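# Report on the structure
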Amino acid sequence: MIPAPFDYVRVASVDEAVAALSANDDAKLLAGGHSLLPAMRLRVARPSTLIDIGRIDGLSAIREDRDEAVIGALARHHDVANDPLLQSHCPIVAFAAAQIGDPQVRHVGTIGGSVAHGDPAGDMPAVLLALGATFVATGANGLTRRIEADAFFTGLFETALAPTEVLTEIRVPKSIGGWSFLKFNRRAQDWALVGVSAVRADGGVRVALTNMGLTPLRSLAVEEALAAGEDLAAAAARADENTAPPDDAFASPDYRRALVKVLTKRALEEAMA
Amino acid sequence: MLVYYLREHLGLTGTNIGCDTSSCGACTVHLDGESVKSCTMLAVQADGRAVTTIEGMARDGELHPLQAAFHRNHGLQCGYCTPGMIMAAASYLIENPDPTEEEVRGSLEGNLCRCTGYHNIVASILDAARGSA
């Protein structure tokens, strides 16, 4: 349970982090480290260099910007869960953050780290997908770009972030309609066997699924069924379309397919109430 | 990792290593007053910050109120999880000084007692919160 050898540098700015990423092959950014360090201890991850961005000033603030709430990438789950702006304006984010891991994990783990890790079983990626969040990244020469949530999660533990880009902000709508975040697990602290996030916005509903494929997934079938006027039960019955749920020690794909329909129906009922 | 630094370099062996995978909470310490799992943090991440272990809880020969409450309520069986339980509870009681029993149970989500002695652990924390120490 000892990581493979690695170099360590602490950086004081995003530009320094980008430069360090450019200068080191196979380097990884270290924020809270609660996804990366366990993977390193199991030697599933063997970065050459850890670039510690945990002390970059200003990257953990949560603020308003017109019709968006802007969450700094280094905001900890604890901060997100307890932030008054998010609690009142975008409560699904605060609610979901309060259910990640356990109190100790939430005191260290960050929203940016959780998102950049791209784990399909993570809680926050699917919530942000359902919200239609925007991810802001900074790369070489200080260039920033915005990546829509629908284009962000590209594969298992893979995102649209370039190897030399740093995720700096997560932007979510400041005002949302009805919502629901449901996750099902058997023991406290476990990853979700399946999770469902639903958010009403712009006259429709966006639904995203946790742990039903290689990435967090939009459930377009459910959204289309609702848009076509089908009732909630009929829409929820389509929740497993275009999914590829994993087969692991905790649940079979068939179990997850059945579970996602049940959870989606409950989530839609809650979001539409 | 911070826990190895505490135990092997500083000789502070009150902090235990249980699962070593950030699940069990035996290694819980405070970083700037908040509970964290020291098996999942590089020692260098704590550089320049305040780390409190179970050894730092008693003051002037007096047990911390949580330690006294665990003693009074027999809040342990084998005792292995106890330092982590006390550190997790101390951090939680700062956030929520007057919790319900259900809230206390929820706050221990990240701490496992392999003896399943949760009943008296929860009773100890409620006792300490009521300030009867």
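What counts as what
Residues numbered from 1 in each chain as written. Chains lettered and ligands numbered in written order. Predicted model: local features only at pLDDT ≥ 70, side-chain atom pairs only at ≥ 80, totals over all residues. Heavy atoms only, no water. Phe/Tyr/Trp six-rings, centres within 6.5 Å; stacked < 30°, edge-to-face > 60°. Helix = DSSP H or I, 4+ residues; strand = E, 2+ residues; numbered from the N terminus. Pairing = 2+ DSSP bridges. Axes fitted to C-alpha atoms, helices over the stretch in contact; angles between N-to-C directions. Patch = residues over 30% accessible without salt bridge, like charges linked within 9 Å, V, L, I, M, F, W, Y side chains within 5 Å. Areas by Shrake-Rupley, 256 points an atom, 1.4 Å probe, with all protein chains shown as cover. Salt bridge = Lys/Arg side-chain N within 4 Å of Asp/Glu carboxyl O. Buried < 20%, exposed > 50% of the residue type's maximum accessible area, 1.4 Å probe, protein only. Core = buried A, V, L, I, M, F, W, Y, C linked by side-chain atoms within 4.5 Å. Contact = heavy atoms within 4.5 Å.

### A short note on the packing of aromatic side chains
Residue and element names in this part refer to chain A. All told, the structure shown has five aromatic pairs over all chains when counted by the stated rule. Taking 6.0 Å as the distance between ring centres and 80° as the angle between the ring planes, the aromatic pair formed by Phe 135 and Phe 153 counts as edge-to-face. Residue Phe 135 is located in strand β6 (residues 134–138), and its partner Phe 153 is located in strand β8 (residues 153–155); the two are separated by 18 residues in the primary sequence. Grouping aromatic residues by their ring pairs yields a cluster made of Phe 95, Trp 179 and Phe 181.

### Quick look at the sheet that holds strand β2 (residues 27–30) of chain A
Residue and element names in this part refer to chain A. Spatially, three strands are ordered β1-β3-β2 in an open sheet, and the strand pairing comes out parallel. The open sheet has two edge strands, β1 (7–10) and β2, and neither has a second partner. The mean inter-strand angle of the sheet, taken between neighbouring strand axes irrespective of direction, is 25°. Note that β2 and strand β3 (residues 49–52) share four bridges and pair parallel. Each residue of the ladder has a partner; that of Leu 30, found in β3, is Asp 52.

### Points about a nonpolar patch on the surface
Residue and element names in this part refer to chain A. Together, Met 1, Leu 42 and Val 44 give the surface a local cluster of nonpolar side chains, amounting to about 310 Å² of exposed area. As for its position among the elements, Met 1 is in the segment before β1. When its relative accessible area of 39% is taken as the criterion, Met 1 is described as partly exposed.

### Focus on the nonpolar core
All names here are of chain A. Core analysis: the biggest nonpolar cluster contains 40 residues, and Ile 71, Leu 86, Val 93, Leu 128, Leu 131, Phe 135 and Val 172 have the highest contact counts within it. Those elements that place two or more of their residues in this core are β5 (68–72), α3 (77–81), α4 (84–89), α5 (91–97), α7 (111–117), α8 (123–131), β6 and β10 (166–173). By residue number, the principal contributor to this core is α8, which donates seven residues. Those residues within four positions of Val 172 in sequence are excluded, and the remaining contacts are Asp 67, Glu 68, Ala 69, Ile 71, Leu 86, Cys 90, Val 93, Leu 128, Leu 131 and Ala 133. By size, the runner-up hydrophobic cluster in this structure holds 22 residues, among which are Leu 193, Val 205, Leu 268 and Ala 271.

### What about the pattern of salt bridges?
All names here are of chain A. One pass over the full model with this rule turns up 26 salt bridges over all chains. The partner of Arg 218 in a salt bridge is Asp 150, with the nearest N and O atoms 3.0 Å apart. Highlighted residues: Arg 218 in strand β14 (residues 217–218) and Asp 150 in the loop between β7 (144–148) and β8, separated in sequence by 68 residues.

### Focus on the sheet that holds strand β3 (residues 51–52) of chain B
All names here are of chain B. Within the open sheet, the three strands sit side by side as β2-β1-β3. Their pairing is antiparallel. Of all the strands in the sheet, just β2 (34–37) and β3 have a single pairing partner and so form its edges. In this sheet, β3 lies alongside strand β1 (residues 28–31) in antiparallel orientation, the contact comprising two bridges. Within the sheet, the bridge partner assigned to Leu 31 lies in β3 and is Val 51. Sheet contacts for helix α3 (residues 82–95): β1, β2 and β3; angle to β1, the most-contacted strand, approximately 35°.

Honestly, it's all geometry; don't read function into it.
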